[in-house]
Amino acid sequence: MPDNHTVTIDAQQLIELCTKILTEVDVPAADALLVADSLVQADLWGHPSHGVLRLPWYVRRLQSGAMTTHSHVEVLNNLGAVLVLDGHDGIGQVLADHARKEAVTRAMMFGIGAVSVRNSNHFGTAMYYTRKAAEQGCVSILTTNASPALAPWGGKEKRIGTNPWSIAAPFGDSAAVVDIANTAVARGKIYQARQQNMPIPETWAITSEGAATTDPSEAINGVILPMAGHKGYAISFMMDVLSGVLTGSQHSTKVHGPYEPTPPGGVGHLFIALDVAAFRDPGDFDEALSALVRQVKTTPKAHNTEEIFYPGELEDRAHRKNSAHGISLPRKTWVELQELAIETGGSGRRKAKIF
């Protein structure tokens, strides 16, 4: 039976709990706060598949040594606008945010900054970083590869990752932003469905034998379907070129995700920042983007459509709502966090409102 019980918890309380758990497994305080904030922010945006659900997976990898607690970045090549980094199996969030800072710094100097990272790990939600760059006046692009989840078009064996990517542009006090995996659904949503003992649509995945399924466990053991058929497969392939082949990291079946506790991740990222001011007056840019948003939002609506949104608008609304009223987590996720806190010595059990 589906478990529809949820726990509502204040975002700051959740950040403090997750930060404490990470510091107890020897992650430096600043890095622990960054990871905790990235996960809770995903929940605030209404994307629990990339939220605190993932913290136990990260802790297992830290405990096994597959992911290092103290992230060290080595510069392999510095050509001004281009920077090549080796993350030496560090924490994905720490390495991705470092790449963001370096890319923006270079964009402010040269108009464009491109930073690659090899030997990294899962970094959470891609738009966590592209939105930050947008706040600094840059249009930004972030790509990453991931462990195998989908089959090449026409195949039935996992060979390519979901390989998500994000593009963000400054817009007022927020951003216009897209953050998508190249599969019919993000793999985390399937894990979330399993967490809640809920079926999934049969259009999301196939079993290892190539049959449609509504069972999230069979889907995890099987193959997630690409978005838009062969187009999703082709985009995911090219994102592996940018994130893995170009950066010098691992690619295809050699990449390992947060779901696996022991193997090194081998994940690669590419962060590109474009300084708006290098291309045109920022005020003119904002006016033009505002006009584009107006064109989109005033489009005559199809049947059963109440409102049209620009990319990133739904997340902004969810953030405001969840910041005010608390984040709803599946009860199982909350229990696992509590147990993890006790196991690591991070804290005792916390109280939260259960509905």
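Residues numbered from 1 in each chain as written. Predicted model: local features only at pLDDT ≥ 70, side-chain atom pairs only at ≥ 80, totals over all residues. Heavy atoms only, no water.

Engineer: Would you take a moment to explain the nonpolar core for this structure?
Structural biologist: Buried together is how nonpolar side chains tend to be arranged in soluble globular proteins. Core analysis: the largest hydrophobic core is formed by 57 residues, its most contacted members being L14 and L55. Setting aside its immediate chain neighbours within four residues, L14 contacts I9, V40, V52, I327, L329, W334 and L337. Membership of the second largest hydrophobic core comes to twelve residues, among which are W57, I190, Y191 and I220. (Core = buried A, V, L, I, M, F, W, Y, C linked by side-chain atoms within 4.5 Å. Buried < 20%, exposed > 50% of the residue type's maximum accessible area, 1.4 Å probe, protein only. Contact = heavy atoms within 4.5 Å.)

Engineer: Sorry if this is basic, but what is going on with the sheet that holds strand 2 (residues 74–78) here?
Structural biologist: Hydrogen bonding along the main chain pairs the strands of a sheet, whether they run parallel or antiparallel. Ordered by their spatial adjacency, seven strands build an open sheet running 2-3-4-12-5-8-9, and the pairing between neighbours is mixed. Unpaired on one side and paired on the other, strand 2 and strand 9 (174–180) mark the two borders of the sheet. Here the strands of the sheet are splayed against their neighbours by 15° on average, with no regard to which way each runs. In this structure, strand 5 (residues 138–144) lies alongside strand 12 (residues 267–275), joined through seven bridges in antiparallel fashion. Paired with T143 across the two strands is L270, which belongs to strand 12. (Pairing = 2+ DSSP bridges. Helix = DSSP H or I, 4+ residues; strand = E, 2+ residues; numbered from the N terminus. Axes fitted to C-alpha atoms, helices over the stretch in contact; angles between N-to-C directions.)

Engineer: Help me out: how do you make sense of the domain arrangement of the protein chain in this one?
Structural biologist: The extent of an interface is frequently quoted as the accessible surface area lost upon association of the parts. When the domains of the protein chain are assigned, the result is domain 1 (6–183 + 226–282 + 319–348) and domain 2 (184–225). Between the C-alpha centres of domain 1 and domain 2 there is a distance of 22 Å. At the junction of the two partners, domain 1 supplies 27 residues and domain 2 supplies 18 residues. Between domain 1 and domain 2, the buried area comes to about 1700 Å², and carbon and sulfur atoms account for 55% of it. For the domain 1 face of the interface with domain 2, the top three residues by lost area are K156, T183 and Y259, together amounting to 28%. Summed over the shared surface of domain 1 and domain 2, the number is zero salt bridges. (Domains from an automatic or database assignment. Buried area = accessible area lost by both parts, 1.4 Å probe. Salt bridge = Lys/Arg side-chain N within 4 Å of Asp/Glu carboxyl O.)

Engineer: Whenever I open this one, the side chain of D275 confuses me. Can you help?
Structural biologist: Along the polypeptide, D275 turns up in strand 12. The charged side chain of D275 is buried without a salt bridge, its nearest counter-charge being R280 at 12 Å. D275 has contacts with A107, M108, G111, G137 and C138, leaving out every residue within four places of it along the chain. (Lys, Arg positive; Asp, Glu negative; His and termini not counted.)

Engineer: Sorry, what's going on with the layout of surface pockets here?
Structural biologist: Which parts of space are left empty comes out when a probe the size of a water molecule is rolled across the atoms. The space that makes up the largest pocket amounts to roughly 630 Å³. As for the largest pocket, its lining consists of 39 residues, and the residues nearest its centre are H50, D179, I180, A181 and A186. For the lining of the largest pocket, the secondary-structure elements that each account for two or more residues are strand 9, helix 6 (187–195) and helix 11 (313–325). Residue contributions to the lining of the largest pocket peak at four residues, all from strand 9. (1 Å grid on protein atoms, 1.4 Å probe; cavity = no way out; pocket = protein on both sides within 12 Å on 5 of 7 lines; lining within 4 Å. Points joined across faces, edges and corners; volume = space filled by probe spheres on them.)

Engineer: Even after reading the chapter, I still don't get the pattern of salt bridges, so can you show me in this structure?
Structural biologist: Opposite charge on two side chains permits pairing when their charged atoms draw close. Evaluation of the coordinates by the stated rule reveals twelve salt bridges. One salt bridge connects E157 with R159, and the closest N-O pair in it is separated by 2.7 Å. With relative accessibility at 47%, the residue E157 sits in the partly exposed group. Residue R159 is classed as partly exposed on the basis of its relative accessible area, which comes to 39%. With a shortest N-O distance of 2.6 Å, E307 and R317 are connected by a salt bridge. One end of the pair, E307, is in the loop between helix 10 (282–297) and helix 11; the other, R317, is in helix 11, with ten residues separating them in the sequence. E307 gets classed as partly exposed once you look at its relative accessible area, which sits at 31%.

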